[in-house]
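What follows is each chain in one-letter form.
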Amino acid sequence: MALRQILQYPNPALKRRADAVENIGGDVARLVEDLAETMYAAPGVGLAATQVGEGVRVIVLDVRTEDEEPGKRLLKLINPEITEREGEVVWEEGCLSVPELTAPVKRARRVLVRAWTPAEREIQIEGEELLAVALQHEIDHLDGKLFLDRLSRLKRDLYRARQRKLARQGRESGTGKRPLPI
Ligand SMILES: [Zn+2]
């Protein structure tokens, strides 16, 4: 296992649509382990292969709460696909590839996702609330979309301006406690 570097906005690799995995084997299994390790180290709730510069449809998620041990709820999903969406929820999202910003994003409140596991088993996952949000957020990454793309232009412009200012100051502003980025 190895920690991977998480690409950050505006890296163009984050805009690329990832390809489906055709053979679930050695390389993908290794990538899944790297993603999980990198996600826990960040720490974050989810991570997509796109975020470490790998253009394949693989995501990991763990929507643990603070008092839960990491790993118990770990999901390793290959070629995930949303097959059902229901309802609406607005969630304050952050992203490991978009440091220093959280913003409310509108998503489906419940989703059904079909995917494959590294053990080559086809599974179906039902997610509500945070899990639904995280699944949609990570699958967006595989399609080359960031949560910024789901914000109004005004909010996006504000974010870019703030990023430029921080870059000029040559530092990242350390702020208080935030929810784990997705
Ligand atoms: Zn993200």
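These remarks concern the structure in this document.

Calculation criteria
Residues numbered from 1 in each chain as written. Predicted model: local features only at pLDDT ≥ 70, side-chain atom pairs only at ≥ 80, totals over all residues. Heavy atoms only, no water. Donors = N, O, S within 2.8 Å, 3.2 Å for Na, K, Ca; no water. Tetrahedral: all angles 85-135°; square planar, octahedral: opposite > 155°, others 65-115°. Helix = DSSP H or I, 4+ residues; strand = E, 2+ residues; numbered from the N terminus. Buried < 20%, exposed > 50% of the residue type's maximum accessible area, 1.4 Å probe, protein only. Polar contact = N/O pair within 3.5 Å; in protein donor to acceptor, adjacent residues only side chain to side chain. Contact = heavy atoms within 4.5 Å. Expected span 1.5 Å × (residues − 1).

### Digging into the coordination of the zinc ion
Next, step 1: Every protein donor of the zinc ion is accounted for by Cys 95 (SG), His 137 (NE2), His 141 (NE2) and Ile 182 (O), and the metal-donor separations fall at 2.1 to 2.7 Å.
Next, step 2: Classification of the site at the zinc ion as irregular follows from its 4 donor atoms and the range of 81 to 145 degrees in their angles at the metal.
Next, step 3: Read N to C, the donor residues that coordinate the zinc ion are spaced as C-x41-H-x3-H-x40-I. Of this pair, His 137 and His 141 both sit in helix 2 (residues 129–142), separated by 4 residues, roughly a single helical turn. The two residues His 137 and His 141 agree in class, both being buried.

### A closer look at the side chain of Asn 79
Next, step 1: In this structure, Asn 79 sits in strand 3 (residues 75–86).
Next, step 2: Judged by its relative accessible area of 17%, Asn 79 is buried.
Next, step 3: Within the structure, Asn 79 has its side chain in polar contact with the backbone nitrogen of Val 21 (distance 2.8 Å).
Next, step 4: Each residue touching Asn 79, except ones within four places of it in the same chain, is listed here: Ala 20, Val 21, Arg 57, Arg 114, Ala 115 and Trp 116.

### A closer look at helix 2
Next, step 1: The end-to-end C-alpha distance of helix 2, which contains 14 residues, comes to 20 Å, matching closely the 20 Å that a straight helix rising 1.5 Å per residue would cover.
Next, step 2: Taken across its 14 residues, helix 2 has 12 buried, putting it largely inside the fold.
Next, step 3: Here helix 2 has its buried residues at Leu 131, Ala 132, Val 133, Ala 134, Leu 135, Gln 136, His 137, Glu 138, Ile 139, Asp 140, His 141 and Leu 142.
Next, step 4: The positive-phi residue at the C-terminal boundary of helix 2 is Gly 144, with phi of around 80 degrees.

Keep in mind that these numbers describe shape and distance, not what the molecule does.
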